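# Coordinate inspection notes
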Amino acid sequence: MLAVAVECCLRSFMKAFCCDNYKDEAVLQELMSQYYPKGNRPQIIVSPFSEKLYNIHGRKAHNQEYPSVLDIITASSPVIINCLIDMRGIESILIIKEKEKARRVMQQGRPPKNCREAFTMEGDQVYPNRYYTSDISMAKYLGGDLESEISMLESDLENHQAQLSRFQLHVTSVTEDIVRMESELNSTIMTLKKTLVSVNQVKATITELENAGEEHIDDVSSLEEVAQENRQKIEAEKQTVHEAKTELDNHQKTAEDIESKYASVRVRLDQLSEDTEPLMDEQLKLEAECAKHKRTLKILENKLKAHEDNIQAMRSDLAQREEELQEYVAKATEISPERQQVTRSPKSIDTEITWLQKKLKVYESNHGEHEQVVREYAEALALYKEKTNQVRDLRRFIDRLDTIMSDRQSRYKTMRRSLSVRCKLYFNNFLIKMNCCGSMIFDHNNETLSISVTPPGREDNGASDMRSLSGGERSFSTVCFMLSLWEITESPFRCLDEFDVYMDMHNRRISLDLLLELSERQHLRQFIFVTPLTTSHLPKTKLIKIHQLQDPEGDRSERVDDNV
């Protein structure tokens, strides 16, 4: 009933497509290019999909009597509703069936809150300050009667096919005329070319004869006969040329006549095309009106059938009530064979029946109906079993989570202990390069780390704290600590800045060898070392790149970049 109004409101969005992202849009465009011309493709709307409807309580048009477009349409996915809200604002468009009411609501007073426009049942568009009449008389996509639409489309298809056949026959005849005229024109042109060739040959013959007469002028007597023959030939050729020119003029006139006929045929064909368009439009309008009348007739037939069914149902109900009356009379006859004469008025009997019914209701309200009590008990029992199953499943899930967390904690502690042991081993191995020894104490509970290093020659004094070491020893110990951390961590980039400032040349050489050895072993990572000291003693390999900066005011800084 409101299909025309909804289609007039949505217009081109009836054939639009929704895509979640521009990548999907490109795929859909590629698919459309196979079936649609470039300028006649459906619209594609790109918007991220959401499984929840928008909250439009503050923007929706409020009117208790007339619904909005959002209220009367249904969709299988909230994405469609959200898209129509974004692109068309269907929450602020009302559907008012009658034109007069639509004008009164939208134009004779203040429109309803949040209402921008309205549509009538015929598809007319109503604004607060203007009114547009719809050019659509029937629904194309939302029609409910599929059989009538199919039959109407089939009749339209047959009419169009008949018109197409007539036009094709006419075009075929016109095409045949054009081909025939073109062939006649081509034959005329070929005849003209042949005539021109003959004229040129005659002219050449005349020129040759004149030249021959000049060369043999002395032998006049012997050539008089030849000259006479040549004159006769010239006259004959002139006559031939004259006839050829006459024939050429005739062919030219024929060609001009053919061209004028061809032009008139083309004009007539164009005129027929122009005359056919309004006739086709008129035919479409008449067919649409005919389909509308057919739908109206079918609706009236359905109403008539509904009324007949209603009458039949009422007759059946009357017969049933008569049967019930006979049953009540039979039951009363069993109680009292003779019909009792009632002296009380029907009103008093109805009053007594009403009082008894009220008394029965009071009893049922105090004690409840048996069926209702049994039904409520069954519902409560089913709800209890359902909740019990849910609680049992939740407890199993919680136990499973506890087991998983315990396992994860155990694995985490094992991994942490393994990393601590590895770090200690790497630290001692790197210190051995300098004939040093040391220890690392990890306190995971207090989250602390204690490092002690014993330089060579101080074994009797025991382990020394980092603060008691010299600058070079502390720098070397720090480098060893960094290398240990690098061995147990996964990082694609490793950087050290001025790590050898406080080292002597011996310690610096050992530290650089350790760093270069580690970088060659871990060739999939990049190491960046920044030092202000010279790097001239480093090996020249393709894995090491040295970027030397200019000396600022006598200072020199170098950066060693190992792109292993």
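Here the structure is a predicted model, which is why all the values come from computation and not from measurement. (Residues numbered from 1 in each chain as written. Predicted model: local features only at pLDDT ≥ 70, side-chain atom pairs only at ≥ 80, totals over all residues. Heavy atoms only, no water.)

All right, on to the overall build of the chain then. Within the chain, the secondary structure is distributed over 11 helices and 13 strands. For the chain, the residues scored as buried account for 25% of the 564 residues in total. Within the chain, contacts between residues separated by at least 24 positions form 63% of all contacts whose residues are at least 6 apart in sequence. If you sum the accessible surface of the chain, you get close to 41,100 Å²; carbon and sulfur atoms cover 54% of it. (Helix = DSSP H or I, 4+ residues; strand = E, 2+ residues; numbered from the N terminus. Buried < 20%, exposed > 50% of the residue type's maximum accessible area, 1.4 Å probe, protein only. Contact = heavy atoms within 4.5 Å. Areas by Shrake-Rupley, 256 points an atom, 1.4 Å probe, with all protein chains shown as cover.)

Let us look at helix α2 (residues 22-32). Within the sequence span of α2, burial applies to Glu25, Leu28 and Met32. One side of α2 holds all its buried residues, which, seen down the axis, span an arc of 65 degrees. The outward face of α2, more than 90 degrees from its buried face, is lined by the exposed residues Lys23 and Glu30. Contacts from the buried residues of α2 go to β1 (17-19) and β2 (44-46). Residue asparagine 21 occupies the N-cap position of α2, its side-chain oxygen lying 3.2 Å from the main-chain nitrogen of lysine 23. (Arc of directions from axis to C-beta. Polar contact = N/O pair within 3.5 Å; in protein donor to acceptor, adjacent residues only side chain to side chain.)

Judged by nonpolar contacts, the single largest core of 29 residues is most densely connected at Phe476, Leu483, Trp486 and Leu515. For this core, the secondary structure elements donating two or more residues are α9 (370-432), β8 (448-454), α10 (471-488), α11 (505-521) and β11 (526-531). With residues up to four places along the chain from it excluded, the contact list for phenylalanine 476 reads Phe430, Leu431, Met434, Met503, Asn507, Ile510, Ser511 and Leu514. (Core = buried A, V, L, I, M, F, W, Y, C linked by side-chain atoms within 4.5 Å.)

Let us now look at a negative patch on the surface. A cluster of acidic residues, Asp270, Glu274, Glu277, Asp281 and Glu282, forms a negative patch on the protein surface. Counting through the fold element by element, glutamate 274 comes out in helix α7 (residues 220-335). (Patch = residues over 30% accessible without salt bridge, like charges linked within 9 Å, V, L, I, M, F, W, Y side chains within 5 Å. Salt bridge = Lys/Arg side-chain N within 4 Å of Asp/Glu carboxyl O. Lys, Arg positive; Asp, Glu negative; His and termini not counted. Charge placed at Lys NZ, Arg CZ, Asp CG, Glu CD.)

Let's shift gears to a nonpolar patch on the surface. Nonpolar side chains collect at one region of the surface, where Leu394, Phe397, Ile398, Leu401 and Ile404 lie side by side and expose about 450 Å² of accessible area between them. Structurally, isoleucine 398 is set in helix α9.

To continue, consider the pattern of salt bridges. Applying the stated criterion across every chain yields a total of 11 salt bridges. Residue aspartate 124 is joined to lysine 99 by a salt bridge in which the shortest nitrogen-to-oxygen separation is 3.6 Å. Taken together, the positions of aspartate 124 in the loop between β4 (117-119) and β5 (125-126) and lysine 99 in helix α5 (residues 99-107) put the pair 25 residues apart, joining distant regions of the chain. For arginine 509, the salt bridge identified is with aspartate 513, shortest N-O distance 3.6 Å. Linking arginine 509 with aspartate 513, this pair stays in helix α11, spanning four residues, or about one helical turn. Within this structure, Arg88, Arg116 and Glu117 form a network of salt bridges that share partners.

This part covers the packing of α10 against α11. Axis separation between α10 and α11 bottoms out at 10 Å; the angle between their running directions is 10 degrees. On the basis of the axis angle, α10 is roughly parallel to α11. Contacts between α10 and α11 pair Gly472, Phe476, Val479, Leu483, Trp486 and Glu487 from the former with Asn507, Ile510, Ser511, Leu514, Leu515, Leu518 and Arg521 from the latter. Per-class residue counts for the contact of α10 with α11 are eight nonpolar, three polar and two charged. (Axes fitted to C-alpha atoms, helices over the stretch in contact; angles between N-to-C directions. Parallel < 35°, antiparallel > 145°, perpendicular 65-115°, else oblique. Nonpolar A, V, L, I, M, F, W, Y, C, P; charged D, E, K, R; others polar.)

Turning our eyes to something else, we now look at unusual backbone geometry. For asparagine 114, which is not a glycine, the phi torsion comes out positive at approximately 65 degrees. Secondary-structure assignment places asparagine 114 in the loop between α5 and β4. Looking at asparagine 114, the relative accessible area reads 28%, which means it is partly exposed. Backbone geometry places glutamate 447, a non-glycine residue, at a positive phi of 60 degrees. Position of glutamate 447 among the secondary structure elements: in the loop between β7 (437-443) and β8.

Here the focus is the pairing of β11. Of the two faces of β11, the one holding Phe527, Phe529 and Thr531 is buried and the one holding Gln526, Ile528 and Val530 is not buried anywhere. Two strands pair when backbone bridges link them, and strand β10 (residues 493-497) and β11 are joined in this way by five bridges, in the parallel orientation. Note on β11: the bridge partner recorded for leucine 496 is phenylalanine 529. (Pairing = 2+ DSSP bridges.)

The next thing to look at is the packing of aromatic side chains. Evaluation of the coordinates by the stated rule reveals three aromatic pairs. Judged by centre distance (6.1 Å) and plane angle (40 degrees), the rings of phenylalanine 527 and phenylalanine 529 are tilted. Pair check on accessibility: phenylalanine 527 and phenylalanine 529 agree, each one buried. Feature note: the residues Trp486, Phe527 and Phe529 constitute an aromatic cluster, connected by ring pairs. (Phe/Tyr/Trp six-rings, centres within 6.5 Å; stacked < 30°, edge-to-face > 60°.)

This paragraph deals with the environment of glutamate 7. Its location among the elements puts glutamate 7 in helix α1 (residues 3-10). Given the relative accessible area of 6%, glutamate 7 is considered buried. Taking the C-alpha atoms as reference points, glutamate 7 and tyrosine 141, 134 residues apart in sequence, are found 7.7 Å from one another. Apart from the residues lying within four places of it in its own chain, the contact partners of glutamate 7 are Met14, Ala139, Lys140, Tyr141 and Leu142.

Chain-level pLDDT for the chain is 80 on average; 89% of the residues reach the 70-or-more range. In the model, residues 556-564 has pLDDT below 50 throughout and makes 53 contacts with residues more than four positions away in sequence or in other chains. (pLDDT = per-residue confidence, 0-100.)

Turning our eyes to something else, we now look at the pairing of β8. With seven bridges joining them, β7 and β8 adopt antiparallel strand pairing. Bridge pairing in β8 links methionine 440 to isoleucine 451.

In the structure, asparagine 114 is positioned 52 residues away from histidine 62 in sequence and 7.1 Å away in space, judged by C-alpha atoms. Only 3.1 Å separates the side chain of asparagine 114 from the backbone oxygen of lysine 60, close enough to count as a polar contact.

Turning to α11, a few remarks are in order. Taking 1.5 Å of rise per residue, the 17 residues of α11 would be expected to cover 24 Å, and the 24 Å separating its terminal C-alpha atoms lies within 8% of that figure. Those residues of α11 that sit buried are Asn507, Arg508, Ile510, Ser511, Leu512, Leu514, Leu515, Leu516, Leu518 and Ser519. (Expected span 1.5 Å × (residues − 1).)

To summarise the sheet geometry, strands pair through backbone hydrogen bonds and adopt either a parallel or an antiparallel arrangement. Here four strands make up an open sheet; going across it, the order is β3-β4-β5-β6 and the pairing mixed. The open sheet has two edge strands with one neighbour each: β3 (93-95) and β6 (131-132).

Time to look at the side chain of glutamate 117. Mapping glutamate 117 onto the fold places it in strand β4. Residue classification places glutamate 117 among the buried positions, given a relative accessible area of 1%. A polar atom in the side chain of glutamate 117 sits 3.4 Å from the side chain of arginine 116. Among the polar contacts listed, one links the side chain of glutamate 117 to the side chain of tyrosine 127, at a separation of 3.5 Å.

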